[in-house]
Amino acid sequence: TRAFLTFNSPDQENQQTPAADNLFRTVVKSTSVPSVRFDIRPDYKPLAAKLSSKDQAFLDQLVEQLRTFEIDKLYAIGHTDNSRIAQRSLLHFADNFVLSAARARNVANYLATALNLPPEKVISVGIADAVPVADNATEEGRSLNRRVELRIEGKKIDSERILTLVKNLSLIHI
């Protein structure tokens, strides 16, 4: 950096010091995070895997939080309720595993694009109704089970930046 100090004295205005040239290094602190987990619940209707504009807006907010991570792996695990795929809908999704995989893939692809993650850092899988979080006997419970679980592995980047003087080339030493 090159800096000048401009000041006023009783005798003269706009006086300037000699240039102070210094070289600084910025260090951003980061700490390893074993795994961070988010459960997101896009507004999936039965037999749907597409993200709505409301869901995309929510994911955009999540992206801002995830920008504070140096992501090594992003896992998206899709879940469904226990409702069987109707015969007329088998052309779209052969079973709940395929449906849950499509949900996970859509969320993972959206986040990977927004975060500029390479494909090798993104894994998506569908596990159907194997791990419910609510009772599938009610519509509310089934709705809660239609979700995508995110797991993030990597480092949390602290917002604290440390400025270190590498070389002092200024003519003025205090």
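A brief look at the structure comes next. From a predicted model like this one, the values you see are computed outputs, not experimental measurements.

Looking at the environment of Lys 45
1) Next: For Lys 45, the position within the fold is in the loop between strand 4 (20-40) and helix 1 (53-66).
2) Next: Here the alpha-carbon distance between Lys 45 and Ser 143, two residues 98 residues apart in the chain, equals 8.0 Å.
3) Next: Look past the residues within four positions of Lys 45 in its chain and what remains in contact with it is Arg 103 and Arg 146.

What to know about the packing of helix 1 against helix 2 (residues 96-115)
Helix packing geometry: the angle between the two helix axes and the distance between the axes.
1) Next: Look at helix 1 against helix 2: their axes get within 10 Å of each other, and the N-to-C directions meet at 50°. As summarised for this structure, helix 1 and helix 2 are arranged oblique, according to the angle between their axes. Crossing of helix 1 against helix 2: the hand is right-handed. In contact with Gln 56, Leu 59, Asp 60, Val 63 and Leu 66 of helix 1, helix 2 contributes Val 107, Tyr 110, Leu 111, Ala 114 and Leu 115.
2) Next: For the contact of helix 1 with helix 2, the class distribution of residues is eight nonpolar, one polar and one charged.

A word on the pattern of salt bridges
1) Next: Taken as a whole and assessed by the stated rule, the structure comprises seven salt bridges.
2) Next: Here Arg 146 makes a salt bridge to Glu 139, at a shortest N to O gap of 3.0 Å.

What to know about the nonpolar core
1) Next: With 24 residues, the main nonpolar core has Leu 66, Ile 71, Leu 74, Val 107, Leu 150 and Ile 152 as its most contacted residues.
2) Next: Of all the secondary structure elements, the ones that give two or more residues to this core are strand 4, helix 1, strand 5 (69-78), helix 2 and strand 7 (148-168).
3) Next: Tallying contributions element by element places helix 2 first for this core, with six residues.
4) Next: If near-sequence neighbours (up to four positions away) are discounted, Ile 152 is found in contact with Pro 34, Ser 35, Val 36, Phe 38, Leu 66, Phe 69, Ile 71, Lys 73 and Leu 74.
5) Next: Within the second largest apolar cluster, five residues are counted, among which are Ala 49, Phe 93, Leu 99 and Ala 102.

Looking at the side chain of Arg 146
1) Next: Following the sequence through the fold, Arg 146 ends up in the loop between helix 3 (139-145) and strand 7.
2) Next: For Arg 146, a relative accessible area of 4% corresponds to the buried category.
3) Next: Ignoring any residue separated from it by four or fewer positions in sequence, one finds Arg 146 in contact with Arg 41, Pro 42, Tyr 44, Lys 45, Pro 46, His 79, Thr 80, Asp 81, Arg 103 and Glu 139.

Description of the packing of aromatic side chains
1) Next: For the structure shown, the criterion picks out zero aromatic pairs.
2) Next: Its end group placed over the ring of Phe 69, Lys 156 keeps NZ or CZ at 5.2 Å from the ring centre.

Rules used throughout
- Here the residue numbers are simple positions, counted from 1 along each chain's written sequence.
- Confidence filtering applies because this is a predicted model: local features only for residues at pLDDT of at least 70, side-chain atom pairs given and counted only at 80 or more, and all residues used for totals across whole chains, interfaces and linings.
- Hydrogens and waters are ignored; side-chain quantities use all the structure's heavy atoms.
- Runs of E in the DSSP output that reach at least two residues are strands. Runs of H or I that reach at least four are helices, and both are numbered from the N terminus.
- Every residue pair with non-hydrogen atoms within 4.5 Å of one another is taken to be in contact.
- A fitted line through C-alpha atoms represents every axis, and for helices the fit uses only the stretch in contact; the resulting angles, taken between N-to-C directions, go from 0 to 180 degrees.
- For this classification, under 35 degrees means roughly parallel, over 145 means roughly antiparallel, 65 to 115 means roughly perpendicular, and everything else is oblique.
- Note on convention: near helix rotated counterclockwise from far helix by under a right angle means a left-handed crossing. Clockwise means right-handed.
- Under the scheme applied, nonpolar residues are Ala, Val, Leu, Ile, Met, Phe, Trp, Tyr, Cys and Pro; charged residues are Asp, Glu, Lys and Arg; polar residues are all the others, including Gly.
- The term salt bridge refers to a pairing of a side-chain nitrogen on Lys or Arg with a carboxyl oxygen on Asp or Glu at a separation within 4 Å.
- To define a nonpolar core, start from buried Ala, Val, Leu, Ile, Met, Phe, Trp, Tyr and Cys residues and group those joined through side-chain atoms within 4.5 Å.
- Classification of residues uses two cut-offs on accessible area relative to the type maximum, computed with a 1.4 Å probe and protein chains only: under 20% is buried, over 50% is exposed, and between them is partly exposed.
- Aromatic pairs are defined between Phe, Tyr and Trp rings, using the six-membered ring for Trp, whenever the two ring centres lie within 6.5 Å; interplanar angles under 30 degrees are classed as stacked, those over 60 as edge-to-face, and all others as tilted.
- For a Lys NZ or an Arg CZ to count as sitting over a ring, it must be within 6 Å of the ring centre and within 35 degrees of the ring normal.

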